[in-house]
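If you want the building blocks of each chain, they are given just below.
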Amino acid sequence: MADGRFGERFDKTRRNAVLAWLITIALVALAITHGLSDAYRWFAFTAFAVAIVLLPAAAFRNPLVMPPWKLLGLVLLPVIDAAVSGASFLTSIAVYVAVAAVALVACVEIDRFTAVRMNHAFAVVLVVLTTLAVAGAWHVTQWLADVTLETDYILDGRSQDAANRTLMHNFAYAAVAGLLAGAVFGRYFQSYGVSDNEARRSPTPQKTSPDGEPAPVPSLIRDLLDVPDGTVRRLSRLMQVALAVLLLYGIAGRDLTTVSNAAIALAITFLPAVLERDAKLPLEPGLVFWLTAAVFLHVLGSAGLYARIGPWDSMTHTISASIVAAAGYAVVRAIDLHTDEIYVPPAMLFAFILVFVLAFGVVWELMEFGIDRSAQRFGLDAVLAQHGLNDTIVDLVYDVVGAVVAAIWGSFYLTALSRRIAGRLEE
């Protein structure tokens, strides 16, 4: 990366390096302080931030290759605040500023030190998504520590419902911090002269493998997925009929929850036909089945299987998350194919999918929480409901599982769709 692009887009000066190293040393000292004072969560978080900061210098074996010192200052301030005030990690607003700051530094490093190419809008969205994803991953990590090490980071002596309510507030704070970090990165992106014109002038990396296709999925998985299109279509139609029956059953029994879930799910199953008719964007039968199965299994769960079968919720969440991941995969790859201003190497695409799905999972839990609380307030049956902290965290864990599924299926089912979307963008 010691080319012209690196030189133009990186403040490779001794002044920046000295200031950045001073801030990094301060972060190391604060991490040790947190560790000695038994503030293990701040210790782990600060150590993680230091690792992110030092990654470019280690990768390029050059002490001058450091992120902008001003951005590192954003990481340092909340860590100092936590050390001085001794505020609780779960209640202090400092943590959300810290999460956003670390996400900001990570995105700057992606932009500067990798082959990823971003325009202004893509960069801002990435910072916001990364902030939400880091917040979600951090709380999942604490929950795993509670489960495996018998700590009490998440519950902190509270009930499941109270801890889950606090978690939702934390996610809301993280969303606000992410939006602010996105605005900061937007200004950074412009101030360093990273413009659309510059992106067009720089050489375009090779976007596909030599044969023009992405790396194939393993042959075993291909064989398992290679079902005749006619069979897949019939299964999709069968699930649509079942949804229609559930809708009529809900109407007859005046069950608002069943009616709402079945009606929304049935409408979603017709989305592929609408896309083909209005957007001239046909979807393979396998993708239609994938989408239909996700909403069908969710409706069955809402009709009673969630309460009767414990793993049902995890299964539906995994499939739904894989749909979200598939949408993210297809859209990002289509934009990548469509424009030279944005480039995401195949090796980085999996990380982008994880960030996208985790961020969407956080937003979904916030929406679910809002609907649940609103329904309780007005004495209604909630269309979407939360069942405590463990339910929320496990949902996020299975979101990651769904992202992995989509990443595996992506090169099998989604490449053609991405090319069709890119073709529509060019029209």
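Everything that follows concerns the structure shown earlier in this document.
Here the structure is a predicted model, which means the values were calculated and not measured.

Chemist: So what's going on with the overall build of the protein chain? Which residues, and what values?
Modeler: If you tally the helices and strands in the protein chain, you get 16 helices and zero strands. Among the 427 residues that make up the protein chain, the fraction classed as buried is 46%. Accessible area of the protein chain: about 20,600 Å², with a carbon and sulfur share of 67%.

Chemist: Explain helix α3 (residues 40-60) to me, using residue names and the numbers behind them.
Modeler: Along its 21 residues, α3 runs 31 Å from first to last C-alpha, staying within 8% of the 30 Å computed at 1.5 Å per residue. Taken as a whole, α3 carries its principal kink of about 40° at L54; the proline P56 stands between one and four residues after it. Immediately downstream of α3, the backbone of R61 shows phi near 55°, a positive value.

Chemist: Now, about the packing of aromatic side chains: what can you tell me, with residues and values included?
Modeler: Here the distance between the centres and the angle between the planes together describe a pair of aromatic rings. Throughout the structure, instances matching the rule amount to three aromatic pairs. Residues W42 and F45 carry aromatic rings whose centres are separated by 5.9 Å and whose planes lie at 80° to one another, so their mutual orientation is edge-to-face. Here the residue W42 and the residue F45 both occupy positions in helix α3, the gap between them amounting to three residues, near one helical turn. F45 gets classed as buried once you look at its relative accessible area, which sits at 3%. Among the aromatic side chains, those forming a connected cluster through ring pairs are W42, F45 and W138.

Each value, and the rule that gives it
Residues numbered from 1 in each chain as written. Predicted model: local features only at pLDDT ≥ 70, side-chain atom pairs only at ≥ 80, totals over all residues. Heavy atoms only, no water. Helix = DSSP H or I, 4+ residues; strand = E, 2+ residues; numbered from the N terminus. Buried < 20%, exposed > 50% of the residue type's maximum accessible area, 1.4 Å probe, protein only. Areas by Shrake-Rupley, 256 points an atom, 1.4 Å probe, with all protein chains shown as cover. Expected span 1.5 Å × (residues − 1). Bend = angle between axes of the 7 residues up to and from the residue. Phe/Tyr/Trp six-rings, centres within 6.5 Å; stacked < 30°, edge-to-face > 60°.

By themselves, these are just geometric observations and shouldn't be taken as functional.
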